[in-house]
Amino acid sequence: MNTDIADLYVSRTERGSAIIARQEPVVYHQGNYAQALNEQQLERYAKDGFLVIENLFDEHEVQELLAELERLRLDPALKGMPELITEPGDQDALRSLFRVHQLSDRMAELIRDPRLVNVARQVLGSEVYVHQSRVNMKPGLYGKEFFWHSDFETWHIEDGMPNMRAVSCSLLLTDNNEHNGPLMLVPGSHRQFIACEGATPDENYKSSLKVQTVGTPDEVSLKLLIDNGGLESVRAKAGSVIFFECNTMHASSGNLSPWARSNVFTVFNSVENKLEAPRNGLAPRPEYLAARQHTDTIVPATELEPDELLMVG
Ligand code: 6CS
Ligand code: FE
């Protein structure tokens, strides 16, 4: 039970559901910490809680990353690793692979790309580190949905992330269209925290990464958010990036099309927002879901000396 009255974002306790006003800024220090987004893009991000930048990566880069994803998917060394999550009820279909920035040199290079890191540094107003990375495959025909949730709700309760000061970057590696289960977001939802009903079972992550049942909003709050802000589905070409604030409500449908919806997902957290103890007496989740040890500041690649680049490449 959480008895910490200083914690405003109580969730999954006997108190039940509630709508709590966000306490933190969305863009820290007026977006002056780094220069990546222009005024208009910053405003959009602050207002909606997300921003799509089309064709941020070119076709060649996308092909290279897709090939790397395919290599990882077939790598026998990864078989049986806990980082590999299969689709519910289907041991053969790969749903997600976590900690990709440590499992792959190419992905390690990607998360240092200034096109991603500098956006994170700008909106979070500080240096940043990687809280979590993953690829989501959403295979054609068999990729299942992700139910409505705020990532921050999970990271606050299960990982002890203190504040809303993290941003997710989803780089689309395949075209996202109305058929292959694109990301749906609720504009403006990041300004409210939805406290959820239901206690967290031990080792919840073992099932929640396949099908999420706790840490999901009640119907009334969800409808209110959507009636207020509307719904937006991201239809965009491979190479586009969705930046979304950690508390933005989102979901995606299953993929009944034959086309995979694959993306690389990196969560940057502010170095001033490192993890504390999980809430409600929960045990910390594994490092591959929530970094506690590997919290080195990510230096944008252009700021590295050429010989350092060789070492990390
Ligand atoms: O539990 C987590 O940390 C992950 N789960 C979901 C459904 N989305 C965000 C995050 O990657
Ligand atoms: Fe999510």
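All of the points below concern the structure found in this document. Quick caveat: nothing in here was measured; it's all calculated off a predicted structure.

1. Quick word on the coordination of the iron ion (ligand 2)
Turning to step 1, where the next piece is worked out: Here the iron ion (ligand 2) is held by the protein donor atoms H149 (NE2), D151 (OD) and H250 (NE2), which lie 2.1 to 2.2 Å from it.
Turning to step 2, where the next piece is worked out: Given four donor atoms and angles of 81 to 171° at the metal, the environment of the iron ion (ligand 2) is assigned as irregular.
Turning to step 3, where the next piece is worked out: Of note, the iron ion (ligand 2) draws all its donor residues from one chain, in the sequence arrangement H-x1-D-x98-H. Here H250 lies in strand β12 (residues 250-252) and H149 lies in strand β6 (residues 146-149), a separation of 101 residues in the sequence.
Turning to step 4, where the next piece is worked out: The exposure class assigned to H149 is buried, which follows from its relative accessible area of 10%.
Turning to step 5, where the next piece is worked out: Owing to a relative accessible area of 5%, H250 belongs among the buried residues under this scheme.

2. Here we look at the site of ligand 1
Turning to step 1, where the next piece is worked out: The local shell around ligand 1 consists of Q132, R134, H149, D151, T154, W155, L209, Q212, F265 and R285.
Turning to step 2, where the next piece is worked out: With respect to ligand 1, the side chain of H149 contributes an N or O atom lying 3.2 Å from a nitrogen atom.
Turning to step 3, where the next piece is worked out: Between ligand 1 and the protein, one listed contact pairs an oxygen atom with a side-chain N or O atom of R285 at 2.8 Å.
Turning to step 4, where the next piece is worked out: Computed on the free molecule, ligand 1 has an accessible area of 300 Å², of which 95% lies beneath the protein chains in the complex.
Turning to step 5, where the next piece is worked out: Contributions of two or more residues to the shell around ligand 1 are made by β5 (128-136) and α6 (151-159).
Turning to step 6, where the next piece is worked out: Sorting elements by how many residues they give to the shell around ligand 1 places α6 first, with three residues.

About the thresholds
- Residues numbered from 1 in each chain as written.
- Chains lettered and ligands numbered in written order.
- Predicted model: local features only at pLDDT ≥ 70, side-chain atom pairs only at ≥ 80, totals over all residues.
- Heavy atoms only, no water.
- Donors = N, O, S within 2.8 Å, 3.2 Å for Na, K, Ca; no water.
- Tetrahedral: all angles 85-135°; square planar, octahedral: opposite > 155°, others 65-115°.
- Helix = DSSP H or I, 4+ residues; strand = E, 2+ residues; numbered from the N terminus.
- Buried < 20%, exposed > 50% of the residue type's maximum accessible area, 1.4 Å probe, protein only.
- Near = heavy atom within 4 Å.
- Polar contact = N/O pair within 3.5 Å; in protein donor to acceptor, adjacent residues only side chain to side chain.
- Areas by Shrake-Rupley, 256 points an atom, 1.4 Å probe, with all protein chains shown as cover.

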